[in-house]
Amino acid sequence: MSKYEDKIKKLLAKMTVEEKVGQLQQCGPSLVGAFEVSFEELLDMMFDGRISKEEFDRLMGTAKQDFHEDDLRAGRVGSYNGIGSAAQVNKLQKIAVEETRLGIPLIFGYDVIHGFKTITPIPLAESCAWEPSLWERTGRIAAKEASAAGIHMTFAPMVDVSKDARWGRVSEGAGEDVLLNGLYGAAKVRGFQGDNLSKEDSIVACIKHFAAYGAVEAGRDYNCVDMSMQRLYEEYLPSYKMCIDAGARAVMPAFNDINGIPCSVNKWLLMDLLRKQWGFNGMTVSDANAIAECVNHGIALDGREAAKKALEAGLDIDMTSNTYIKYVEELVKNEEIDEEILDRAVADVLRIKFELGLFDNPYQTNEAHESTAMLKPEYRALAREAAVKSMVLLKNEKDSNGKKILPLEKGVNLGIFGEVAGNGDEMTGAWAIGADSGSCVSILDACKERDIFYQTGTKDNVDEIVKSSDVLLAVIGEKKDESGEASSRAKITISHEQISLLKKLLKTGKPVVAILFNGRPLAIPFVAENVPAILEAWHLGVEAGNAILDILFGDEIPTGKLTMTFPNATGQCPMYYAHINTGRPGGKSKFTSKYIDAPVEPLYPFGYGLSYTEYEYSDIAVKKNGDLYEASINVKNIGERDGEEIVQCYVRNMAAGRVRPVKELKAFEKVALQAGEKKEVTFNIKAEDLGYYNWNMEYVKEAKEYVFYIGGNSKDCLEVSIKD
Ligand code: GLC
């Protein structure tokens, strides 16, 4: 199993049942002293407006933290989460190593989702770069910074395939496609874990949320998932599997149930599939409070039963619900749980502690220099590169002189509208909990840095501002807390104020550029129809402002392509490119699969994105060579600027034993092409990768005919068919 099994066995033999359970207990610091209410209540008070965000921050800033040191000394804590400071980590680690009976070191986990201090673009944005090596490099710097703060494990990557833009957490993953999620996740695993977990700058990747959290009904957070096993295996599970194959050492079961069994107590998921079929021998960590919540799910009568079910299902660590620490010792002593089951879970945790090298080197050795390890110039440079590559140019019309609006001429005067333009903290996006306030370069900061003449305006002084502006920038979209966890939306639009601002700006006759900040696709037909230039900037992190100006002024060329479909209307959700055709695909006739009050088409399709140059595709061909399909195409840069095009290859099985999606992404390549240059791009696709699960859940490859589609987005492709 691993070279540590003997050591694990010996250690287990020395442990009391209570100490064993202690290894499964993960706690976070609790807040005490400054106020009477619980942290959860305080959060609620902020969300429902009883206290302001400023008041909340003030209370948090003054609150004392309780690190449960007495429990720790008694061997009743195995890991912590949410502590990101080497000094604090070392202090608690010293207690574990020197003051507990067996001296077993602690693991410190943290949500390092898109950077620790050097915040890089939110995952949904970064996925639009379609560049695994970039994803790995940003993962690596996140690990370097996090480990310098004493962190050993990140609760990332999230590889939940997400086809429903209402779900707030789409911002945390790589969008709607399973292959992209898998490649994104595997790259992050390599980046976080490095080549050897025992190195001080490696951290454990805890992939989440296992499984299919992205498919929650109606896009509502924490909701249920009910789907066929075929879809689960084809469209949702492969992204997690690709991360396990890349070596991910931890897995977090999702909050949701799958077909009626919550993932936290789902033995089929955690034992049969994950461990037996996929060969995983790392550790599983529950989501926050998730074991106790099995009572709400209605799968356990009380916390005691929930703890029993979760442990028996293969859930090793209890994150903050305190059910294991309360009940498992007694359950084992009463012989209601077999001690071997407890031992198996503890062995998983100890194995990771050995692999991390914590028994030999429990401390962060560079504590005094922690701050110099953060936000290094080269990290910022990488964050800027990632931000440039994450943006997607959605529209770029010509102005009245017949010239494309973007890129802007150097020296133009800007009128900048939208409160977010000057607020760097808003540009970090959801789950940037380690970020230092003020570390992020806003659009206005970047303008100042470059001596660009700009004025900021609001909808009330448009006429005044336009007088001395050549181009108007409308910075609109979502604030950072409008996406992420617990931020599902039933209307994925922009506000009336933003629309009325746009109307005023458009009336002036000056060129208007919309810069979109958002953590999900938005249904914005008004913007798409009326605003002549639209740049999707997502939430780009610490270098947001610089990267946006790089693109606006043409120092860099846009290359990003959407990894989630943009619908026209919220009611189209879930909307995704890899849908099935149905017996009556949406068309002109009324009696086809469509809406009477919204188009059947998306606003922007999956894979879409413009640039400052254009590409022409020709000569698509496919041939079969043994077990490989070789699909090729010529791509030519027909514009005047050098660029990079993300060439995408989709496949459809035209008639199978089970209906198949109209397109499935099977390969892609980012191709550098100088102005005027033409290249042949070839994709080698294994026949095995074109299979599917039949009614009896057997993986089969049967097909009569495949159609290969290759192009610059999922809609505009050339196609060629091949009989099987
Ligand atoms: C949450 C999330 C999970 C996160 C965990 C720890 O509620 O669902 O993604 O890793 O708590 O903070």
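On a predicted model such as this, the values are computed, not experimentally measured, just so you know.

Here is what the cut-offs are and how they apply
- Residues numbered from 1 in each chain as written.
- Predicted model: local features only at pLDDT ≥ 70, side-chain atom pairs only at ≥ 80, totals over all residues.
- Heavy atoms only, no water.
- Pairing = 2+ DSSP bridges.
- Helix = DSSP H or I, 4+ residues; strand = E, 2+ residues; numbered from the N terminus.
- Axes fitted to C-alpha atoms, helices over the stretch in contact; angles between N-to-C directions.
- Contact = heavy atoms within 4.5 Å.
- Near = heavy atom within 4 Å.
- Polar contact = N/O pair within 3.5 Å; in protein donor to acceptor, adjacent residues only side chain to side chain.
- Areas by Shrake-Rupley, 256 points an atom, 1.4 Å probe, with all protein chains shown as cover.
- Nonpolar A, V, L, I, M, F, W, Y, C, P; charged D, E, K, R; others polar.
- Salt bridge = Lys/Arg side-chain N within 4 Å of Asp/Glu carboxyl O.
- Buried < 20%, exposed > 50% of the residue type's maximum accessible area, 1.4 Å probe, protein only.

*Asks:* Help me get a handle on the sheet that holds strand β14 (residues 414–417), residues and values and all.
*Replies:* Read from one edge of the open sheet, 6 strands run β13-β18-β17-β16-β14-β15, paired in mixed fashion. On the outer flanks of this sheet lie β13 (392–396) and β15 (454–457), each paired with one strand and no other. Within the sheet, the average angular offset between the axes of one strand and its neighbour, ignoring direction, is 20°. With 6 bridges joining them, strand β16 (residues 471–477) and strand β17 (residues 512–517) adopt parallel strand pairing. By the bridge assignment, L472 is partnered in β17 with V512. Packed onto the sheet, helix α21 (residues 544–552) meets β16, β17 and β18 (533–536) and runs at close to 145° relative to β17.

*Asks:* Which residues make up the sheet that holds strand β8 (residues 250–253), and what values go with them?
*Replies:* Strand order in the open sheet made by the 8 strands is β11-β8-β7-β6-β5-β4-β1-β12, with parallel pairing throughout. Strand pairing shows two members of the sheet lacking a second neighbour, β11 (283–284) and β12 (318–319), which therefore form its edges. Note: strand β5 (residues 107–110) against strand β6 (residues 153–154), 2 bridges, orientation parallel. By the bridge assignment, Y110 is partnered in β6 with T154.

*Asks:* With reference to specific residues and values, describe the site of the ligand.
*Replies:* D111, F155, R169, K208, H209, M252, F255, D287, A288, M319, W431 and E485 make up every residue found near the ligand. Between K208 and the ligand, the recorded distance is 2.8 Å, taken from a side-chain N or O atom to an oxygen atom. Between E485 and the ligand, the recorded distance is 2.9 Å, taken from a side-chain N or O atom to an oxygen atom. In isolation the ligand exposes 310 Å². Once the protein is present, 90% of that is buried. The residue makeup of the shell around the ligand, split by class, is 6 nonpolar, 1 polar and 5 charged.

*Asks:* Break down the pattern of salt bridges for me, citing the residues and quoting the values.
*Replies:* With the rule as written, the count across this model stands at 57 salt bridges. Between E235 and K163 there is a salt bridge, and its shortest N-O distance comes to 2.7 Å. Taken as a pair, E235 in helix α10 (residues 229–245) and K163 in the loop between β6 and α9 (178–193) lie far apart in primary sequence, 72 residues in all. Residues E235 and K163 agree in their burial class; the two are buried. The network of salt bridges with common partners includes E5, R275, D316, R344, D348 and R351.

Keep in mind that these numbers describe shape and distance, not what the molecule does.
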